[in-house]
Amino acid sequence: MDLFEKIRANRGPIGQHAKESHGYFTFPKLEGEIGPHMVFRGKKRLNWSLNNYLGLANHPEVRKADADAAAQYGFALPMGARMMSGNSNQHEQLEAELSAFVQKEDTILCNFGYQAMVSAIDCLVDRHDVIVYDAESHACILDGVRLHMGKRYVFAHNDIESCEKQLQRATKLVENTGGAILVITEGVFGMSGNQGKLKEIVALKKKYKFRLFVDDAHGIGTMGATGGGTGQAQGCQDGIDIYVGTFAKSFALIGGFISSDEQVVEYLRYNMRSQIFAKALPMPLVVGALKRIELMRTQPQLKDKLWEITNALQSGLKEAGFNIGTTNSPVTPVYMNGSIPESTNLILDLRENYDIFCSMVVYPVVPKGVIILRLIPTAVHTLEDVKYTIDAFSKIYHKLTSGQYMSEKIAAI
Ligand SMILES: Cc1ncc(COP(=O)(O)O)c(C=O)c1O
């Protein structure tokens, strides 16, 4: 069979809907000043879909630092991989500051959080080792696990009994292979908003020999007393052996990093293929990240404001009777039930008639019949935004449950 023919015949689970959804449900364009009020299809909408947790994306000091760094260094610098010709004092300073921020000995920068996870997993384990990982892990963890040549055991999401069972299997196996065990989970799960049960997993170290690897993409900057992450929030940061953060969310930037013991980070520096064989993070991103860390340290009110909005949104939704699951982070999923056509009409109504833009998750990402509207509160939302949204959600929920979205006619565009 011809490869392109095969691709034309099977467009993929989401791609098969591209024709109807492109530009609206998928690949929508949010324009104008980045923040809670952005333009979608020519009209301002209240936007709950950006992981701009601390509101840094359009913070004047951040914008100035980014512009100054771009003017001073350009985006070409440094040329080459860190190991060969792409190292700089600024890269090393950022690594030192990130290490202090997440309370680890050392840090290596990566170009994306995704790449950090995939590459670090690939670099750290060999075919004798066993990976034990959470079933609801992000795609970057799954892709890293795919590269692993040894055994992998998955445990039911956030289920410590299941995790322990898999640790028992893994322990038996490595007794024969002579390998080691790596447990991988997330600080905050981006769909449900559940914190990973890091403290309980760390406690299992008393019974089993393993190292714990945590992807804290949503936790860095948002969780813990100083924003040091979910381990800090749960009082078990020391028990996390390898910590990954991204700049794509609370930092409102691009990039990622891996923090751990000095010797582990040195090992990654000299062995992690995606950094050895690829160009280093551009200088403006590094200088921009330094500015963001400074603001996270000196302006704790940003995180306080994020939590004020988060608490108002989540308690308001609950009081209005909505099911927001078991989130214990800013990520706020609102669970509803309905068919795909109903969810389509609901989103159309929400966007076109209430001017609210948020992400929607439906089958095949979640089981058939489940609709998740995912809200990401930020420090730059207001309590009025919260109130307006809860009122609008109550109205659309009434329409959904009274069958009004079953009609195709509701489509407003
Ligand atoms: C849990 C998790 N890990 C990693 C990533 C990827 O981060 P980045 O966008 O920096 O590649 C994301 C972003 O969606 C994420 O939610």
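Here the structure is a predicted model, which means the values were calculated and not measured. (Residues numbered from 1 in each chain as written. Predicted model: local features only at pLDDT ≥ 70, side-chain atom pairs only at ≥ 80, totals over all residues.)

## A look at the overall build of the chain
The condition is simple: Numbering of helices and strands runs from the N terminus, with a helix taken as a DSSP run of H or I at least four residues long and a strand as a DSSP run of E at least two residues long. Only C-alpha atoms enter the radius of gyration; for comparison, a globular chain is expected to reach 2.2 Å times N to the power 0.38, where N is the number of residues. Burial is judged by counting other C-beta atoms within 10 Å of a residue's own C-beta: 20 or more means buried, 12 or fewer means exposed, and anything between counts as partly exposed, with every C-beta placed from the backbone.
Secondary structure summary: the chain contains 15 helices and 14 strands in total. Here the chain has a C-alpha radius of gyration of 22 Å; the compact-globule value for 413 residues is 22 Å, and the two agree. Judged by the C-alpha coordinates and their principal axes, the chain covers about 60 × 55 × 50 Å. Looking at the chain as a whole, 44% of its 413 residues are labelled buried.

## A word on helix α4 (residues 89–101)
How we decide: Any helix carries an expected span of 1.5 Å times its number of residues minus one. By the convention adopted here, residues make contact when the C-beta atoms placed from their backbones lie within 7 Å.
Under the 1.5 Å per step criterion, the end-to-end length of α4 is 18 Å for 13 residues, consistent within 8% with the ideal 18 Å. Gln90, His91, Leu94, Leu98, Ser99 and Phe101 are the residues of α4 that are buried. At its buried positions, α4 is contacted by β4 (106–110), β10 (256–260) and α12 (283–298). Just past α4, the residue Gln103 takes up positive phi, approximately 60°.

## Observations regarding the site of the ligand
What counts here: Using the backbone to place each C-beta atom, any residue with that atom within 6 Å of a molecule or strand is considered near it. Three classes are used: nonpolar for Ala, Val, Leu, Ile, Met, Phe, Trp, Tyr, Cys and Pro, charged for Asp, Glu, Lys and Arg, and polar for all others, with Gly counted as polar.
Near the ligand, the surroundings consist of 14 residues, among which Phe112, Gly113, Tyr114, Ala217 and Thr246 are the closest. No other element matches helix α5 (residues 113–124), which puts 3 residues into the shell around the ligand. Of the residues contributing to the shell around the ligand, the split by class is 6 nonpolar, 6 polar and 2 charged.

## Notes on the environment of Gln195
Within the element layout of this structure, Gln195 appears in the loop between β7 (181–186) and α8 (198–203). Taking C-alpha positions, Gln195 is 6.7 Å from Ser329, a pair spaced 134 residues apart along the chain. In contact with Gln195, other than residues within four places in its own chain, are Gly187, Val188, Thr230, Asn328 and Ser329.

## Describing the environment of Val118
Position of Val118 among the secondary structure elements: in helix α5. Residue Val118 is classed as buried on the basis of its 22 C-beta neighbours within 10 Å. Taking the C-alpha atoms as reference, Val118 lies 9.2 Å from Ala139; in sequence the two are 21 residues apart. Contacts of Val118, omitting those with residues within four sequence positions, involve Cys140, Asp143, Gly144 and Leu147.

## Overview of the sheet that holds β4
For the record, the criterion: Note on pairing: DSSP must find at least two bridges between two strands before they are called paired. Lines fitted to C-alpha atoms define the axes here, with helix axes fitted over just the stretch in contact, and angles between the N-to-C directions of these axes take values from 0 to 180 degrees.
Within the open sheet, the 7 strands sit side by side as β4-β10-β9-β8-β7-β5-β6. Their pairing is mixed. Of all strands in the sheet, those bounded by a partner on one side alone are β4 and β6 (152–155). Across the sheet, the mean angle separating the axes of adjacent strands is 20° when strand polarity is ignored. The sheet contact formed by strand β5 (residues 130–134) and β7 spans 4 bridges and is parallel. Note that in β7 the partner of Val132 across the bridge is Val183. Of the strands in this sheet, β4 and β10 touch α4, which is tilted by about 125° from β4. Each of β5, β6, β7 and β8 (211–215) is contacted by helix α6 (residues 139–147), which is oriented at about 160° to β5, the strand it contacts most.

## What to know about the pairing of strand β2 (residues 37–40)
A regular strand carries its side chains on alternate faces of the sheet. Of the strand pairs in this sheet, strand β1 (residues 30–31) and β2 are connected by 2 bridges, and their pairing is antiparallel. Residue pairing in the sheet places Glu31 in a bridge with Val39 of β2. In sequence, β1 turns back onto β2 through a hairpin of 5 residues, with Gly32 there showing a positive phi of about 90°. Two strands pair when backbone bridges link them, and β2 and strand β3 (residues 43–47) are joined in this way by 4 bridges, in the antiparallel orientation. Bridge assignment links Met38 to a residue of β3, and that residue is Arg45. Here β2 folds back onto β3 in antiparallel fashion, the turn holding 2 residues, of which Arg41 has a positive phi close to 50°.

## Things to note about the nonpolar core
Test applied: A set of buried residues drawn from Ala, Val, Leu, Ile, Met, Phe, Trp, Tyr and Cys, joined through C-beta atoms within 7 Å, is what defines a nonpolar core. Boundaries between domains were set according to an automatic or database domain assignment.
The biggest cluster of nonpolar side chains holds 102 residues, and the ones touching the most others in it are Met117, Ala120, Val132, Leu182, Val183, Ile258 and Val334. The biggest single contributor to this core is α5, with 8 residues. Here this core gathers at least three residues from each of two domains, domain 1 (3–53 + 301–401) and domain 2 (60–298). The contact partners of Ile258, leaving out residues within four places of it in the chain, are Thr107, Ile108, Cys110, Ala116, Ala120, Ile242, Val244 and Leu268.

## Quick notes on the domain arrangement of the chain
When cut into domains, the chain gives domain 1 (3–53 + 301–401) and domain 2 (60–298). Elements with a contribution of two residues or more to the side of domain 1 that touches domain 2: α13 (301–319) and β11 (332–337). When residues of the side of domain 1 that touches domain 2 are assigned to their parent elements, the largest contribution, 3 residues, is made by α13. Residue classes in the side of domain 1 that touches domain 2 are distributed as 7 nonpolar, 8 polar and 1 charged.

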